[in-house]
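# Structural features, examined
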Amino acid sequence: MDIVLSLVSLTVTKVLQFSGLVDKSDALRTKKMEEKALEVYDVIRSIRDPEKPNTLEELDVVTEKCVEVQELGEDEYLIIIKFSPTVPHCSLATLIGLCLQVKLQRCLPFKHKLEIYISEGTHSTEEDINKQINDKERVAAAMENPNLREIVEQCVTEPDD
């Protein structure tokens, strides 16, 4: 399905280029952002769920469509992730957000700003959790807690590590 979407996207881009509605530099920029989004997705897809033996990808908590990348400046990007907890009252949604934060901060090879949100309408307290996930001081304080840090490490460590 993802391959089909990529092909459709490429086809639409080419049609718009040939019709003159989009210039080549816009198409190249769009392609670059799509490639960055896939790079981000490849980093987060293998994060393990804190209470299940599955990855966030396997549980559809994260998908390719949940990642958006915008260019802020030369070699600097804004990454926006909107994830969907498995149930609207998921007690570990904040922990999943923390895992996303930690893994991306460690693994992305380019300068970026990160915004992580729960997809609208997928959690009963999404507004409160969104504030927690994007508060740098709360994230830092959470990672100082040895028990929480151990859980995050278990979730973000690759099986091969």
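Up top is the structure these notes are about.
Predicted model, so just to flag it, every value in this text is computed and none were measured. (Residues numbered from 1 in each chain as written. Predicted model: local features only at pLDDT ≥ 70, side-chain atom pairs only at ≥ 80, totals over all residues. Heavy atoms only, no water.)

### Things to note about the overall build of the protein chain
What counts here: A run of H or I in DSSP counts as a helix once it spans at least four residues, and a run of E counts as a strand once it spans at least two, with each numbered from the N terminus. Throughout this description, buried means an accessible area under 20% of the type-specific maximum (1.4 Å probe, protein chains only), exposed means over 50%, and partly exposed covers the range between. Only heavy atoms matter for contacts: two residues are in contact if any of them lie within 4.5 Å across the pair. Calculation of accessible area relied on Shrake-Rupley with a 1.4 Å probe; when residues are assessed, cover is drawn exclusively from the protein chains displayed.
Assigned secondary structure in the protein chain consists of six helices and three strands. Written out in order from the N terminus, the α and β elements of the protein chain read α-α-β-β-α-β-α-α-α. Put simply, the protein chain has 161 residues, and 35% of those count as buried. Contacts in the protein chain between residues far apart in sequence, at least 24 positions, make up 61% of those at least 6 positions apart. As displayed, the protein chain offers around 9,900 Å² of accessible surface, 52% of which is attributable to carbon and sulfur atoms.

### Concerning the pattern of salt bridges
This is how it is decided: Each reported salt bridge corresponds to a side-chain nitrogen of Lys or Arg within 4 Å of a carboxyl oxygen of Asp or Glu.
In the structure shown here, the tally under the stated rule is nine salt bridges. The shortest N-O distance in the salt bridge between R45 and D42 comes to 3.1 Å. Overall, D42 belongs to the partly exposed group, its relative accessible area being 45%. Among the ionic contacts, a cluster of salt bridges with common partners joins R29, K32 and E71.

### Concerning the environment of P85
Here P85 shows up in the loop between β2 (76–83) and α3 (93–107). Each C-alpha atom of the pair P85 and H123 lies 7.0 Å from the other, and the pair is 38 residues apart in sequence. Among all residues touching P85, those that are not within four sequence positions of it are C90, A93, I118, T122 and H123.

### Quick look at the packing of α3 against helix α6 (residues 146–156)
So the rule is basically this: Orientation is described by axes fitted as lines to C-alpha atoms, over the contacting stretch for helices, and by angles from 0 to 180 degrees between their N-to-C directions. Working definition: roughly parallel below 35 degrees, roughly antiparallel above 145 degrees, roughly perpendicular at 65 to 115 degrees, and oblique for all remaining angles. Two helices cross in a left-handed way if the nearer one is turned anticlockwise from the farther one by less than a right angle. They cross in a right-handed way if the turn is clockwise. Under the scheme applied, nonpolar residues are Ala, Val, Leu, Ile, Met, Phe, Trp, Tyr, Cys and Pro; charged residues are Asp, Glu, Lys and Arg; polar residues are all the others, including Gly.
Viewed as axis vectors pointing N to C, α3 and α6 meet at an angle of 65°, and their least axial separation amounts to 10 Å. Classified by the angle between their axes, α3 and α6 sit roughly perpendicular to one another. Here the hand of the crossing between α3 and α6 comes out right-handed. Here α3 contributes L95, L98, C99, V102, K103 and R106 to the contact with α6, which in turn contributes L148, I151, V152, E153, C155 and V156. Here the contact of α3 with α6 is built from residues that sort into nine nonpolar, no polar and three charged.

### Let's talk about the nonpolar core
Counted only if it meets this: In this text, buried Ala, Val, Leu, Ile, Met, Phe, Trp, Tyr and Cys residues form a nonpolar core when linked through side-chain atoms within 4.5 Å.
By size, the foremost hydrophobic cluster in this structure holds 40 residues, and its most contacted members are V40, I44, V62, V67, I81, F83 and L100. At the level of secondary structure, the elements contributing two or more residues to this core comprise α2 (24–44), β1 (67–73), β2, α3, β3 (111–118), α4 (126–133), α5 (136–144) and α6. The biggest single contributor to this core is α3, with eight residues. Here V62 is in contact with Y41, I44, R45, L56, E57, F83 and L100, once residues within four sequence places are set aside.

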